[in-house]
Amino acid sequence: MSDVKYMSLDGKVVPAADARIHILSPAVKYATNVFEGIRGYWNQARNEMFLFRLTEHLERMRFSMKVMRFAERFTVERMRDAILELIRANGTREDTYVRLYAFVDEPDGEMTATGPVRMAIAATPRGGRGRGNKGAHCAVSSWARIADHSLPPRIKCVANYNNSRLAWMQAKADGYDNVILLTAAGKVSEGPGACVVLVRDGVPITPSLTSDILESVTRRTLIEIFPETFDRAVVERDVGRSELYAAEEAFFCGTGHEILPIFSIDRHPVGSGELGHLTMAVQKRYFSLVRGESDDHAEWRTPVYGG
Ligand SMILES: Cc1ncc(COP(=O)(O)O)c(C=O)c1O
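Starting from 1, residues in each chain are numbered consecutively following that chain's sequence as written. Totals for whole chains, interfaces and linings use all residues, but because this is a predicted model, local features are given only for residues with pLDDT of at least 70 and pairs of side-chain atoms are given and counted only at 80 or more. Values shown for side chains rest on all heavy atoms present in the structure; no hydrogens or waters enter the calculation.

S.K.: Looking at this model, I keep getting lost on the layout of surface pockets. Mind explaining?
M.R.: If you roll a probe as big as a water molecule over the atoms, it shows you where there is empty space left. For each structure, a 1 Å grid was placed over the protein atoms alone; sets of points admitting a 1.4 Å probe that cannot get out are labelled cavities, open sets with protein on both sides within 12 Å along at least five of seven lines are labelled pockets, and lining residues have an atom within 4 Å of a point. Grid points are joined across faces, edges and corners, and a volume is the space filled by probe spheres set on the points. Put simply, the largest pocket is a space of about 620 Å³. Looking at the largest pocket, it is lined by 34 residues, and the ones nearest its centre are Lys 156, Tyr 161, Pro 192, Gly 193 and His 257. Runs of H or I in DSSP of at least four residues are treated as helices and runs of E of at least two as strands, each being numbered from the N terminus. Secondary-structure elements contributing two or more residues to the lining of the largest pocket are strand E3 (33-43), helix H2 (54-67), strand E5 (96-104), helix H4 (161-173), helix H5 (217-230) and strand E12 (249-254). Broken down by element, the lining of the largest pocket gets its largest block of residues, six residues, from H4.

S.K.: Can you walk me through the site of the ligand in this structure?
M.R.: Here a residue counts as near a molecule or strand whenever at least one of its heavy atoms sits within 4 Å of it. In the vicinity of the ligand lie 16 residues, with Lys 156, Tyr 161, Glu 190, Thr 218 and Thr 255 positioned nearest. A distance of 2.7 Å is found between an oxygen atom of the ligand and a side-chain nitrogen or oxygen belonging to Arg 60. One nitrogen or oxygen atom from the side chain of Thr 218 is found 2.5 Å from an oxygen atom belonging to the ligand. In short, Shrake-Rupley with a 1.4 Å probe defines the accessible areas, and a residue's cover is counted only from the protein chains shown. Isolated, the ligand exposes 380 Å² of accessible area, and the fraction of that covered by the protein chains is 97%. Those elements giving two or more residues to the shell around the ligand turn out to be H2 and H5. Throughout this entry, Asp, Glu, Lys and Arg are counted as charged residues, while Ala, Val, Leu, Ile, Met, Phe, Trp, Tyr, Cys and Pro are counted as nonpolar. The remaining residues, Gly among them, count as polar. When the residues that make up the shell around the ligand are grouped by side-chain class, the tally is six nonpolar, six polar and four charged. As used in this structure description, the phrase polar contact means that two N or O atoms lie within 3.5 Å; if the pair is within protein, one of them must be able to donate a hydrogen and the other to accept it, and residues adjacent in sequence are counted only when both atoms belong to side chains.

S.K.: What is the right way to read unusual backbone geometry from this model?
M.R.: Most peptide bonds take the trans configuration, and most residues that are not glycine carry a negative phi. In this chain, Gly 115 is followed by Pro 116 through a cis amide linkage whose omega measures -5°. In this fold, Pro 116 is placed in the loop between E5 and strand E6 (117-125). Unusually for a residue other than glycine, Asp 10 sits at a positive phi of about 55°. As for its placement among the helices and strands, Asp 10 is situated in the loop between strand E1 (6-9) and strand E2 (12-15).

S.K.: I keep staring at empty space enclosed by the protein and nothing clicks. Help me out?
M.R.: Here the structure, examined in full by the defined rule, presents one cavity of 30 Å³ or more. In this structure, the largest cavity encloses a volume near 40 Å³. Lining the largest cavity, in full, are Ile 38, Arg 39, Tyr 41, Phe 52, His 57, Val 217, Thr 218, Thr 255, Tyr 286 and Val 290. Looking at the lining of the largest cavity, the elements that each hand over two or more residues are E3, H5 and helix H7 (277-291). Counting residues per element, the lining of the largest cavity draws most heavily on E3, which supplies three residues. For the lining of the largest cavity, the per-class residue count stands at six nonpolar, three polar and one charged. Each of domain 1 (6-125) and domain 2 (136-291) gives at least three residues to the lining of the largest cavity. The source of the domain bounds is an automatic or database domain assignment.

S.K.: What am I meant to see in the environment of Gly 37 here?
M.R.: Tracing the sequence through the fold places Gly 37 in strand E3. Residues Gly 37 and Phe 226 lie 189 residues apart in sequence; the distance between their C-alpha atoms is 23 Å. Only heavy atoms enter the contact rule, under which two residues are in contact if any of them lie within 4.5 Å. Non-local contacts of Gly 37, meaning those with residues more than four positions away in its chain, are made with His 57, Tyr 97, Val 98, Lys 156 and Thr 255.

S.K.: Please explain the sheet that holds E5 as it appears in this structure.
M.R.: Note on sheets: strands pair through backbone hydrogen bonds, and any given pair is parallel or antiparallel. What the seven strands build is an open sheet, ordered E2-E1-E6-E5-E3-E4-E15; its pairing is antiparallel. Pairing within the sheet leaves two strands with one partner each, and these edge strands are E2 and strand E15 (301-303). Between one strand axis and the next, the sheet turns through 30° on average, direction left out of account. Sheet analysis places strand E4 (residues 48-52) next to E15, joined by three bridges and oriented antiparallel. Bridge pairing in E15 links Phe 50 to Pro 303. Strand pairing is defined by DSSP finding a minimum of two bridges between the two strands. Axes here mean lines fitted to C-alpha atoms, for a helix over just the part in contact, with angles spanning 0 to 180 degrees between N-to-C directions.

S.K.: Hey, could you run me through a nonpolar patch on the surface in this one?
M.R.: A surface patch of nonpolar side chains, amounting to about 340 Å² of accessible area, comprises Ile 21, Ile 23, Leu 24 and Val 28. Tracing the backbone through its elements, the reader meets Val 28 in helix H1 (residues 26-29). Excluding any residue in a salt bridge, patches collect residues exceeding 30% relative accessible area, merging like charges within 9 Å and nonpolar Val, Leu, Ile, Met, Phe, Trp and Tyr side chains within 5 Å. One side-chain nitrogen of Lys or Arg within 4 Å of one carboxyl oxygen of Asp or Glu is enough to make a salt bridge.

S.K.: Help me out: how do you make sense of the packing of H5 against H7 in this one?
M.R.: Axis angle and axis distance: for two packed helices, these are the angle between their axes and the distance between the axes, and together they describe the pair. Running from amino to carboxyl end, H5 crosses H7 at an angle of 110°, the nearest separation of the two axes being 11 Å. What the angle tells us is that H5 and H7 run roughly perpendicular. Along the contact surface, H5 presents Thr 218, Leu 222, Ile 225, Phe 226, Glu 228, Thr 229 and Phe 230, while H7 presents Leu 278, Ala 281, Val 282, Arg 285, Tyr 286 and Leu 289. Looking at the contact of H5 with H7 residue by residue, the classes come out as nine nonpolar, two polar and two charged. An angle counts as roughly parallel when it lies under 35 degrees, as roughly antiparallel when it exceeds 145, as roughly perpendicular when it falls between 65 and 115, and as oblique in every other case.

Following this line, the structure appears as structure tokens:
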């Protein structure tokens, strides 16, 4: 944990050391806990931090609480106000990663406890990965992605990330640095914390929303900006494993991963095995948007300080 002064608990700014929960809370015992990861980008020229697509993240948070049958679902306004208040209290003026949690915290509560629902927020400095030549060498995992009819990847439930962990740890033990999971039916799903886009014959392709993926805000952003920026649409469909080996470019997209090129998959180089032209162009557009380098899509950025 980095050294931020404050965290937010139940909508109040508190010293970070005081943000504690009961060890026997269902959030700990049963992972009755949902979350969001949101990035704030510092724009030096405008002396402002922009939170990217905050409302969309908070709406997904409410959907996660609904699916988990939490007794209370915080409003978008309440969550937004608490996040803004926290960042302002810390006075952070650099790239920031916001983690927002909603969890059931009845001391020694049952697996089926639905409340009280509490909210915790951490906002810690974390630089964006930025553009450039770094890329991932991926394995296709032997662990299958959890399925929508067992533990739905469509929501950000903390428990889901143990499926991601198993796959990612195995890949690391095998000498890769990232991983792509397949659905139980053997179609390409997503990475442990990001969606996948591949490019074939110049066409961007991404697994459909029924491929046991999170409904990613970044994925949606790319689907919206591809036609206006690159004059072509992203195709959403089932993707076969061997198509990964046929792709001329591939990248992960997500709030945390941003636009992360994939250089090899199962040791097959993707295209030339280096940063591809389209991936580079997507990075450029994405980073310009999230940082607010122009007024383009201003509706996607929430200013933290000035307004
Ligand atoms: C499993 C998974 N898939 C995809 C994503 C990308 O989603 P988003 O673009 O909304 O951050 C994330 C990150 O939150 C994730 O955890």
